[in-house]
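Report on the structure
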Amino acid sequence: MKILYLSPYEPYPSIFGGAQRTQLLWEALTEFGEVDFVGLFAESRLPLDALAVLRERYNLKGLCPIVEEEPSGLWWWCRFFKRFSYAVNEQQSASLQSVVDLDDYDLIVTRYTRTSAWVGDFTDRNVVLDVDDLLSEFYKSRARNLNESAVRRFLFRVLSWGHHRGELRALKQFRHLWFTKTADIPGAFKSKSSILQNVFLGETTASAALLKPDASNKTIVTLSRGGGTPNATGIMLFLRDAWGQILEAVPDAQFKIYGSGITDAEHAEWGSYTNVEVVGFAESISEVYASARFSIAAIPFGSGTNIKVVESYGHHRACVTTTFGVRGFDSLTETPCGELVADGIGDMVEKVVYLLNDYSACCEMARIGKEVVDEHYSPQSFKECVKETINQLLV
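Keep in mind it's a predicted model, so treat the numbers as computed, not measured. Think of each chain on its own: its residues are numbered from 1, step by step along the sequence as written. Only residues with pLDDT of at least 70 get local features here, since the model is predicted, and only at 80 or more are side-chain atom pairs given and counted; chain-wide, interface and lining totals rely on the full set of residues. Derived side-chain values reflect all non-hydrogen atoms in the structure, with water molecules and hydrogen atoms excluded from consideration.

As for the packing of helix 12 (residues 307–314) against helix 15 (residues 359–376)
What counts here: Orientation is described by axes fitted as lines to C-alpha atoms, over the contacting stretch for helices, and by angles from 0 to 180 degrees between their N-to-C directions. Helix and strand assignments come from DSSP, with helices taken as H or I runs of at least 4 residues and strands as E runs of at least 2, each series counted from the N terminus. Working definition: roughly parallel below 35 degrees, roughly antiparallel above 145 degrees, roughly perpendicular at 65 to 115 degrees, and oblique for all remaining angles. We call a crossing left-handed when the near helix sits turned anticlockwise from the far one by less than a right angle, and right-handed when that turn is clockwise. When checking whether two residues touch, look at their non-hydrogen atoms; a contact exists if any pair is within 4.5 Å. As a working rule, the residues Ala, Val, Leu, Ile, Met, Phe, Trp, Tyr, Cys and Pro are called nonpolar, Asp, Glu, Lys and Arg charged, and the rest polar, with Gly in that last group.
Taken N-terminus to C-terminus, the directions of helix 12 and helix 15 make an angle of 110°; their axes are 7 Å apart at the nearest point. Considering their axes alone, helix 12 and helix 15 lie roughly perpendicular with respect to each other. Two packed elements cross with a definite hand, and for helix 12 against helix 15 that hand is left-handed. In this structure, helix 12 uses Val 310, Tyr 313 and Gly 314 to contact helix 15, whose residues at the interface are Met 365, Ala 366, Gly 369, Lys 370 and Val 373. The residue makeup of the contact of helix 12 with helix 15, split by class, is five nonpolar, two polar and one charged.

See the structure below:
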């Protein structure tokens, strides 16, 4: 079977959640036949060696960057309402057809609703859409965020409504839909939808240094993309509202921030706090977790699920997170690990101080979480879900 795989995220280098899911889905698809990959992103986004790796390892056929028009002046409002468009973009569609012939493929798998809708009309084709998360849910969560002004919350409600209408129209054209959690599935599409959870991609075994932190270790880590993302906003709120109180209770606590895309302004602001180090890009995620007592995932809003929660437990480290950060990971919240889910950023103080002061509890939470991740959020469980869907489509 010949499969075409489309994604606005690159499977290499797989250093953040979107890229990791793209990579794992590619691996799952190769079990069914030859897979051609087309990237819906620009070459300028890739590290120097990445393009060659994508061609050799992932059978890259070409790049079709998604380009949004940028009206200015009196046409600004056109840009605002164009945000709701999920119609085929003729330029994007022509770009894709110049790279591959869709008729050559038995199955097409594509990621994200809006970008997939822009590159072509797939109504009469055998296409699976990996929805992952919904823009309507993202803006709905921002509209509920009391840290936003009343005006911004109103605008986010408008954006949520507009994207919801566009998503409902776009989802009709696909044979099957993958979501990361049940709550995201619109009622009209339940019969052709299934859950494809985000999972932990690291090794199931670990060195002695990673299995347990040293009892004297008071370092907390977080891995995040900068540039105003939900993760970056969460870090800012955590530092502003919680970090000072944590230092009062545990003066020798350290907080290290890793990640890509951190702006100069974010670096300067975050690094100005006492006992905070902004490290930036991490060569080895395993080494980051090995250096820590536990991690935080301070997500104040968003959609889909947050891979950093299961990633932390997968690396034998407990994770203090928010109700947004743990959505879709019910198998974790049903265990004692659910006690580390904070109801808002302010509530994180108690959870963080608890793990800093109680070494045994910190290690026990990490142990329980690791067992849950290995059982429910493993690459094998992900691939089994992909296999089940594709086998149904081939009947």
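Further notes follow.
Some words on the environment of Ser 160
In plain terms, the rule: Relative accessibility thresholds used throughout: buried, under 20% of the residue-type maximum; exposed, over 50%; partly exposed, between the two (1.4 Å probe, protein chains only). We define a polar contact as two N or O atoms separated by no more than 3.5 Å, with the added condition that, inside protein, one atom must be a possible hydrogen donor and the other a possible acceptor, whereas residues neighbouring each other in sequence contribute only through side-chain atom pairs.
Position of Ser 160 among the secondary structure elements: in helix 7 (residues 150–171). Taking relative accessible area as the criterion, Ser 160 reaches 9% and is therefore assigned buried. In the structure, Ser 160 is positioned 18 residues away from Arg 142 in sequence and 9.2 Å away in space, judged by C-alpha atoms. Setting aside residues no more than four positions away along its own chain, Ser 160 makes contact with Ser 136, Tyr 139 and Lys 140. In terms of polar contacts, Ser 160 uses its side chain to reach the backbone carbonyl oxygen of Ser 136, at 2.9 Å.

Quick word on the sheet that holds strand 1 (residues 2–7)
Put simply, the test is: Strands qualify as paired when DSSP identifies two bridges or more between them.
Taken in spatial order, the seven strands of this open sheet run 3-2-1-4-5-6-7, and their pairing is parallel. Edge positions in the sheet fall to strand 3 (60–63) and strand 7 (193–195), since each has one partner strand and no second. Between one strand axis and the next, the sheet turns through 20° on average, direction left out of account. Bridge count for strand 6 (residues 176–179) against strand 7 is three bridges, and the pairing is parallel.

Description of the pairing of strand 6
Residues His 176 and Trp 178 of strand 6 are buried on one face, and the alternating residues Leu 177 and Phe 179, pointing to the opposite face, are buried as well. Where strand 5 (residues 127–132) and strand 6 come together, four bridges link them in parallel fashion. Counted as the bridge partner of Asp 130 is Trp 178 from strand 6.

Re the nonpolar core
The criterion, for reference: Buried Ala, Val, Leu, Ile, Met, Phe, Trp, Tyr and Cys residues form a nonpolar core when they are joined through side-chain atoms within 4.5 Å.
Grouped together as the largest cluster of nonpolar side chains are 79 residues, with contacts concentrated most on Phe 238, Trp 243, Ile 246, Phe 294 and Ile 296. Counting residues per element, this core draws most heavily on helix 9 (residues 230–249), which supplies nine residues. Leaving out residues up to four positions away in the same chain, Ile 246 has contacts with Phe 238, Ala 253, Val 349, Val 352, Val 353 and Leu 356. The next biggest cluster of nonpolar side chains, apart from the first, holds 22 residues, and it includes Leu 4, Val 100, Val 119 and Leu 129.

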